[in-house]
Amino acid sequence: RQLKELIKSLRFKMLLVPVATITGTLLFSAFASLLLTQWSVFDCMAVGSGFAYYSLSSIFITQYKGAELGTVALLANIMRELATLLFTPLMVRWISPLAAISCGGAPMDSPLPVITRFAGKQWVFVSIVHAMILDFSVPFWVTFFCTL
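The structure contained in this document is the topic of the report that follows. None of these values were measured; they are calculated from a predicted model. (Residues numbered from 1 in each chain as written. Predicted model: local features only at pLDDT ≥ 70, side-chain atom pairs only at ≥ 80, totals over all residues. Heavy atoms only, no water.)

1. A look at unusual backbone geometry
Leaving glycine aside, a negative phi is the common case for residues, and trans is the common case for peptide bonds.
Item 1. Unusually for a residue other than glycine, Phe51 sits at a positive phi of about 50°.
Item 2. By secondary structure assignment, the location of Phe51 is in the loop between α3 (41–48) and α4 (54–65).
Item 3. Even without being glycine, Ala52 reaches a positive phi, approximately 70°.
Item 4. Residue Ala52 is classed as buried on the basis of its relative accessible area, which comes to 1%. (Helix = DSSP H or I, 4+ residues; strand = E, 2+ residues; numbered from the N terminus. Buried < 20%, exposed > 50% of the residue type's maximum accessible area, 1.4 Å probe, protein only.)

2. Remarks on the environment of Ala119
Item 1. Note on placement: Ala119 falls in helix α7 (residues 111–119).
Item 2. Take Ala119: its relative accessible area is 12%, and that puts it in the buried class.
Item 3. Taking the C-alpha atoms as reference points, Ala119 and Pro97, 22 residues apart in sequence, are found 5.5 Å from one another.

3. Notes on the packing of α3 against helix α5 (residues 67–94)
Item 1. At a closest axis distance of 9 Å, the pairing of α3 and α5 adopts a crossing angle of 45°. On the basis of the axis angle, α3 is oblique to α5. Between α3 and α5 the crossing geometry is right-handed. Where α3 abuts α5, its residues Asp43, Val47 and Gly48 lie against Leu69, Val72, Ala73, Ala76, Asn77 and Arg80.
Item 2. Partitioning the contact of α3 with α5 into residue classes produces 5 nonpolar, 2 polar and 2 charged. (Axes fitted to C-alpha atoms, helices over the stretch in contact; angles between N-to-C directions. Parallel < 35°, antiparallel > 145°, perpendicular 65-115°, else oblique. Left-handed = near helix turned anticlockwise from the far one by under 90°. Contact = heavy atoms within 4.5 Å. Nonpolar A, V, L, I, M, F, W, Y, C, P; charged D, E, K, R; others polar.)

Here it is in structure tokens:
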């Protein structure tokens, strides 16, 4: 019964946050491929589509594309999570709590306490929904871009 109430409480606007995170990350990753000529646009988008879920995405990318790109994915996703931990207070103050949530990507184990502290408890539910949607999308996006 509580799950049913939880699903009813989801608002369409809340679903726009993960959609914006996915879109922005993939666009930035495609743009980054212009600077990183060693890898194709699809390789860069595979790395970006890890959404800071470094433990899963780096394994998939290593299996599909090799250890070098898998290591790049691991480091890129760790840096994304580290940036969230370090810059959440600034993002919340100068941009929006949604910027910190979006920057956090898929995992919310480490960034959630920081986001909660600086953005407020009212953003916890949005953070968890955002993380769940991105968590489930990581295997799809990474394997999709690795197979192109």
